[in-house]
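Next come the chains, spelled out residue by residue.
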Amino acid sequence: MPTAMTYNSLLNDMRAYLERGATLATDPTVYEQLPQLINLAERRLARELKIQGTVTVVSGTMTTAVVAYAKPNRWRETVSMRIGTGAGYNTLKEIYPRAYEYLRLYWPNQTETEEPRFYADYDYSNWLIAPTPDDNYPYEVIYYELPALLDITLQTNWFTEYAPDALLYASLLEAAPFLKNDDQIKVWEGFLGRSIASLNGEDIRQIVDRSIIRRED
């Protein structure tokens, strides 16, 4: 049975494929760069893989008269946002994405309050809400995140568990221009592209399976 990928095993695999960076003493430049190349590969995959494995949920509570709310650490892209309304705030209500400029035109006076209807990216670290909340609404946000980056103290993450081939190919792709090995770029792009297509296809099948009502004859 294959051994599960870890950060250390990924480093060893890269050294074997590249035939470089075996030790700090013999090849210090490549040896010291490999961790950075892995982290760049993780960031690439987080951008290119919009699948369930990179989706997470955060909840919190809005504050009356407050329009800006911090995004979670490692946020990449918002999927949806809902607030709790009604008795006991038990009725979930969708609030919809709009451009920042739209929110400013729609609700120019932030001192006026009402039930929120829209959200926008205020900046990379915050959301803007409009109208200005008139109550302390609980909220739930579904978003794509960058998994915690691997290092010597964090040996595994979602990529090592569920997309080890994609992580390896992405890491080798990041290494090719660093090593000025242009001939290998298209090779690793091809392998990585197939891995990403496979992961995306698997994700679509899972979504379709959940939407089908199965009947027994």
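Now for a description of the structure that goes with this document. By convention here, each chain's residues receive numbers from 1 onward along its written sequence. Residues qualify for local features only when their pLDDT is at least 70, as the model is predicted, and side-chain atom pairs are given and counted only at 80 or more; totals for whole chains, interfaces and linings, by contrast, use all residues. In computing side-chain values, all of the structure's heavy atoms are included and hydrogens and water are not.

### Structural notes on the overall build of the protein
Put simply, the rule reads: Think of it this way: any DSSP run of H or I at least four residues long counts as a helix, any run of E at least two long counts as a strand, and we number them from the N terminus. C-alpha atoms define the radius of gyration in this analysis, and the globule rule sets the expected value at 2.2 Å times the number of residues to the power 0.38. Here a residue-residue contact requires only that any non-hydrogen atoms of the pair lie within 4.5 Å. Computed with a 1.4 Å probe, the accessible areas rest on the Shrake-Rupley method; for each residue, only the protein chains presented here act as cover.
Secondary structure summary: the protein contains six helices and nine strands in total. For 217 residues, the compact-globule estimate of 2.2 N^0.38 gives 17 Å, and the C-alpha radius of gyration of the protein, at 22 Å, exceeds that figure by more than 25%. For the protein, the C-alpha atoms occupy an extent of roughly 65 × 55 × 30 Å along the three principal directions. Sequence separation of at least 24 residues holds for 66% of the intrachain contacts in the protein that already meet a minimum separation of 6. Summing over all exposed atoms, the protein offers an accessible surface of approximately 12500 Å²; the carbon and sulfur share of this is 51%.

### Here's the deal with the nonpolar core
Defined as follows: Among the buried residues, those of types Ala, Val, Leu, Ile, Met, Phe, Trp, Tyr and Cys that are joined through side-chain atoms within 4.5 Å form a nonpolar core. Partly exposed describes any residue whose relative accessible area lies between the buried limit of under 20% and the exposed limit of over 50%, with all areas from a 1.4 Å probe on protein chains only and scaled to the type maximum.
By size, the foremost hydrophobic cluster in this structure holds 32 residues, and its most contacted members are Met 14, Leu 45, Leu 167 and Leu 192. Every element with two or more residues in this core is listed here: α1 (7–18), α2 (28–48), α5 (164–178) and α6 (183–211). Once residues within four sequence positions are removed from consideration, Leu 45 is found in contact with Phe 159, Ala 166, Leu 167, Ala 170, Leu 192 and Ile 196. Counting residues in each nonpolar core, the second largest holds 13 residues, with Met 62, Ile 83, Tyr 137 and Tyr 139 among its members.

### Considering the environment of Lys 93
Counted only if it meets this: Polar contacts, as used here, are pairs of N or O atoms within 3.5 Å; protein pairs need one atom able to donate a hydrogen and one able to accept it. Residues neighboring in sequence count only if both atoms are side-chain atoms.
Along the chain, Lys 93 falls in strand β4 (residues 91–97). Not counting residues within four places of it along the chain, the set of residues in contact with Lys 93 comprises Met 81, Arg 82, Ile 83, Thr 85 and Glu 115. At a separation of 2.4 Å, a polar atom in the side chain of Lys 93 contacts the side chain of Glu 115.

### A closer look at the pairing of strand β9 (residues 138–145)
Note the threshold: Note on pairing: DSSP must find at least two bridges between two strands before they are called paired.
When you tally the buried positions in β9, you get six out of eight residues, the bulk of the element. Relative to β9, strand β1 (residues 55–61) runs antiparallel, the two sharing seven bridges. Bridging across to β9, Val 55 finds its partner in Tyr 144. Where strand β3 (residues 75–85) and β9 come together, seven bridges link them in antiparallel fashion. When the sheet's bridge partners are listed, Glu 77 is paired in β9 with Tyr 144.

### Considering the pattern of salt bridges
What counts is decided by this rule: By salt bridge we mean one thing: a side-chain nitrogen of Lys or Arg within 4 Å of a carboxyl oxygen of Asp or Glu.
Overall, the coordinates contain ten salt bridges when judged by the stated rule. For Arg 74, the salt bridge goes to Glu 145, with nearest N and O atoms at 3.6 Å. In this pair, Arg 74 sits in the loop between β2 (68–70) and β3 while Glu 145 sits in strand β9, placing the two residues 71 residues apart along the sequence. Among the residues examined, Glu 145 registers a relative accessible area of 17% and is labelled buried.

### Points about the pairing of β3
The pairing of β3 with β4 spans five bridges and is antiparallel. Bridging from a neighbouring strand, Met 81 pairs with Ile 95 of β4.

### Concerning the environment of Arg 104
Among the secondary structure elements, Arg 104 is positioned in helix α3 (residues 100–106). Under the relative-accessibility criterion, Arg 104 is labelled partly exposed at 24%. Along the primary structure Arg 104 and Thr 156 are separated by 52 residues, whereas in three dimensions their C-alpha atoms are 43 Å apart. Non-local contacts of Arg 104, meaning those with residues more than four positions away in its chain, are made with Gln 110, Tyr 122 and Leu 128.

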